[in-house]
Amino acid sequence: MPKEQRPTVAYITAASHSGKSASVVLGFLRCRQLQTLDGQRSPFTHYLYMPFRNNGGNYHSCVDEEELMSTCGRNVKLREALGAMYMRDCFRRALNVSYTKYWKAPDSILEVVDTQVSLKNDVSEFMRRSPNGVLLVHVDEHREMCPDPSFRKGALRVLAELANVKVFATYTDIPPLPAQSSSGTCRQAVACLMPDVKTIMEQRLQMPDGLDMGQEAVLLRVATLRVTLGLALQKLLLVGLHVEFSEVETLLKDLNGKLQESAERIDARLASCINLCNAKWIDDEAGNTKYLIDLLCGIRESDAEVQEQRYPQVVVLGNRLAAPLLVLLRGRDLKDPANMLHRRCQSLFLDVLSRSDTAVVTAGKVLEFAYLWSLGVKSNKYGEVRFGRLMVQFQCQDIEPGSIFEQSGMLNATKVEALKQKVLYYAEGNHPCADLFFKDASGVLYFVDVGGTSNMSKAENKSRKMKAVISRPGLGTVQGIVLLPNVFDCGRIDDDKSMRAVIGVEARQLLGGLVQLLTWLPDD
């Protein structure tokens, strides 16, 4: 959490049981261990947990609308001031390791600044052994303290505006505070932790002897295993890694058993592991999720409507809101006109994750089909796609497989001519480049090649291949696009008007909520 010029309430918003609270505790302990935060010396010396729901029944009681009306009427300022007093009293209870079981509003309501004075004294007494330290106050399930946002705003800001206090809020909703452009106390999004699949595979899975990562079939199946294992771990709620007989422990044991089946080929063993992980989540019944298509595309956290809307099942990715991967992969949004296209792309992507036993290159298509999904739905909703500085007028109505290259690697001009507008094609069979391709509203042909590598030589090679193909005579107007989400320095990539490399943050934004996949996909 970088140092801010104004008071902020940091927050994690994500689905229930997704590890929000654990993320805060682990983050605090890690800061204490490393004594650093964002490359600077960590100021945190104390941690105080303040739950307002769950926690085994140990939480501070809520204030209902009837209590508010009898005390404040509809006066917003009075409600905010009452929220500040409520937080002060809950804080005092928490210092004594107890909870406010029933809170009665006082006869007279103090101004927020007056409540802050008494609360500052309470914090100073608590921190007397570390007067220069900073207290991290974890406000869990903040919406449950009261249904009124003004009340909750007062409760959060009365702590956040103290000099030696940092407030961290966790819930499935965004705190009732303005975005960081505001001059007052504002909110600051922090990403929720995801399972560290790479470390889990290295430390808990015994990969077979003779595993040759130089073989494409093996490399690509390992990539898919990382994604499906991550999804399985998320479904199992990130619990039980330290419990011998937990569901997670059982899954890891079963995976090791399949990896060591010496009678099977290595690629077949990996395929069995992929199927085992998929069985934990892939057949879950799809549910209707309001705003799911918007969350797939990614909603700016600072947009004005974010403050007014309640988005179910939300995670924060940088400065954008999205739905968790499991929701994106299984959910639907029946009221959104793009839902049918979303469901087609979703089904195709799930098929990619589950065909590893028969398709050698399936795993390599995970990122390609993620881009097919996100670009198809985004263009359908907005009628355009931005590739870096290049804005393309294209509105996808359908997705189809396509083959426009001969076995020799040359383009088939007849097949190119037959391509339909408003269709986003994904390559089948031999294709030296152009994993995706389409014609825009004016008939210009676009080739889109996807690369998950962070290796600059491999990235340059992709760009050279693309340029060699689109420079061949007789093709008409062709625009090449290379998407490199794991490359953050364009280096020696030859980028011009006919061939554009979209790298790093810009390439990741095109993935929308599916950018979460990059946490697990290798970038070799």
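Residues numbered from 1 in each chain as written. Predicted model: local features only at pLDDT ≥ 70, side-chain atom pairs only at ≥ 80, totals over all residues. Heavy atoms only, no water.

(A) Broad picture of the overall build of the chain. Tallying secondary structure elements over the chain gives 17 helices and 18 strands in all. The proportion of buried residues among the 524 residues of the chain is 53%. Of all intrachain contacts in the chain linking residues separated by at least 6 positions in sequence, the fraction that spans at least 24 positions is 68%. In the form shown here, the chain has an accessible surface area of approximately 24200 Å², with 49% of it arising from carbon and sulfur atoms. (Helix = DSSP H or I, 4+ residues; strand = E, 2+ residues; numbered from the N terminus. Buried < 20%, exposed > 50% of the residue type's maximum accessible area, 1.4 Å probe, protein only. Contact = heavy atoms within 4.5 Å. Areas by Shrake-Rupley, 256 points an atom, 1.4 Å probe, with all protein chains shown as cover.)

(B) Region of interest: the pattern of salt bridges. Considering all chains together, one arrives at 18 salt bridges under this definition. Where Asp449 meets Lys462, a salt bridge forms, and the shortest distance between an N and an O atom there is 2.9 Å. Here the residue Asp449 occupies a position in strand S16 (residues 445-450), and Lys462 occupies one in helix H16 (residues 456-470), the gap between them amounting to 13 residues. Its relative accessible area of 3% is what places Asp449 among the buried residues. Residue classification places Lys462 among the partly exposed positions, given a relative accessible area of 23%. If you follow the salt bridges from partner to partner, you end up with Glu65, Arg79 and Asp148 in one network. (Salt bridge = Lys/Arg side-chain N within 4 Å of Asp/Glu carboxyl O.)

(C) Quick peek at the sheet that holds strand S13 (residues 398-402). Pairing is mixed across the open sheet formed by six strands, whose spatial order is S13-S14-S15-S16-S17-S18. Taken across any chain shown, the strands that pair with only one partner, and hence form the sheet edges, are S13 and strand S18 (499-503). Strand-to-strand, the axes of this sheet are offset by a mean angle of 25°, without reference to chain direction. Of the strand pairs in this sheet, strand S17 (residues 478-484) and S18 are connected by five bridges, and their pairing is parallel. Directly across from Ile481, in S18, lies its bridge partner Arg500. Against the sheet, helix H13 (residues 339-354) engages S13 and strand S14 (423-427), with an angle of about 35° to S13. Packing of helix H14 (residues 366-382) onto the sheet brings it into contact with S13, S14, strand S15 (436-439), S16 and S17, and relative to S14 it is tilted by some 180°. (Pairing = 2+ DSSP bridges. Axes fitted to C-alpha atoms, helices over the stretch in contact; angles between N-to-C directions.)

(D) Region of the structure containing the environment of Leu295. For Leu295, the position within the fold is in helix H10 (residues 292-297). Residues Leu295 and Leu328, spaced 33 residues apart in sequence, show a C-alpha to C-alpha distance of 8.4 Å.

(E) How the structure looks around the pairing of strand S11 (residues 384-387). Because side chains alternate across S11, one face comprises the buried residues Val385 and Phe387, and the other comprises Glu384 and Arg386, none of which is buried. As paired elements, S11 and strand S12 (residues 390-393) share four bridges and run antiparallel to each other. Its bridge partner being in S12, Glu384 is matched across the sheet by Gln393. In textbook terms, the turn of a hairpin is the stretch between consecutive antiparallel strands, and for S11 and S12 this stretch comprises two residues, one of which, Gly388, has a positive phi near 65°.

(F) Structural context of the packing of helix H3 (residues 76-95) against helix H4 (residues 112-126). Orientation of H3 relative to H4, taken along the N-to-C sense of each, is 15°, at an axis distance of 9 Å. Considering their axes alone, H3 and H4 lie roughly parallel with respect to each other. In this structure, H3 meets H4 at a crossing whose hand is left-handed. Where H3 approaches H4, its residues Glu80, Ala81, Ala84, Met85, Arg88, Phe91, Arg92 and Leu95 are matched on the opposing element by Val112, Thr115, Ser118, Leu119, Asp122, Val123 and Phe126. When grouped by side-chain class, the residues that make up the contact of H3 with H4 number nine nonpolar, two polar and four charged. (Parallel < 35°, antiparallel > 145°, perpendicular 65-115°, else oblique. Left-handed = near helix turned anticlockwise from the far one by under 90°. Nonpolar A, V, L, I, M, F, W, Y, C, P; charged D, E, K, R; others polar.)

(G) Seen up close, unusual backbone geometry. Even without being a glycine, Asn54 presents a positive backbone phi close to 65°. Its place among the elements puts Asn54 in the loop between strand S4 (44-51) and helix H2 (65-72). Asn54 gets classed as partly exposed once you look at its relative accessible area, which sits at 45%. The residue Tyr291 is not glycine, and still its phi comes out positive at about 70°.

(H) Structural detail: the packing of aromatic side chains. Per the stated rule, a full pass over the model turns up 11 aromatic pairs. A ring pair is formed by Phe349 and Trp373, whose centres lie 5.6 Å apart and whose planes are at 50°; its orientation type is tilted. Pair noted here: Phe349 is in helix H13 and Trp373 is in helix H14, with a separation of 24 residues, a long-range link. Of the residues examined, Phe349 reaches a relative accessible area of 0% and is grouped as buried. Over the ring of Tyr59 we find Lys101, and its NZ or CZ is 5.8 Å from the ring centre. (Phe/Tyr/Trp six-rings, centres within 6.5 Å; stacked < 30°, edge-to-face > 60°. Lys NZ or Arg CZ within 6 Å of the ring centre and 35° of its normal.)

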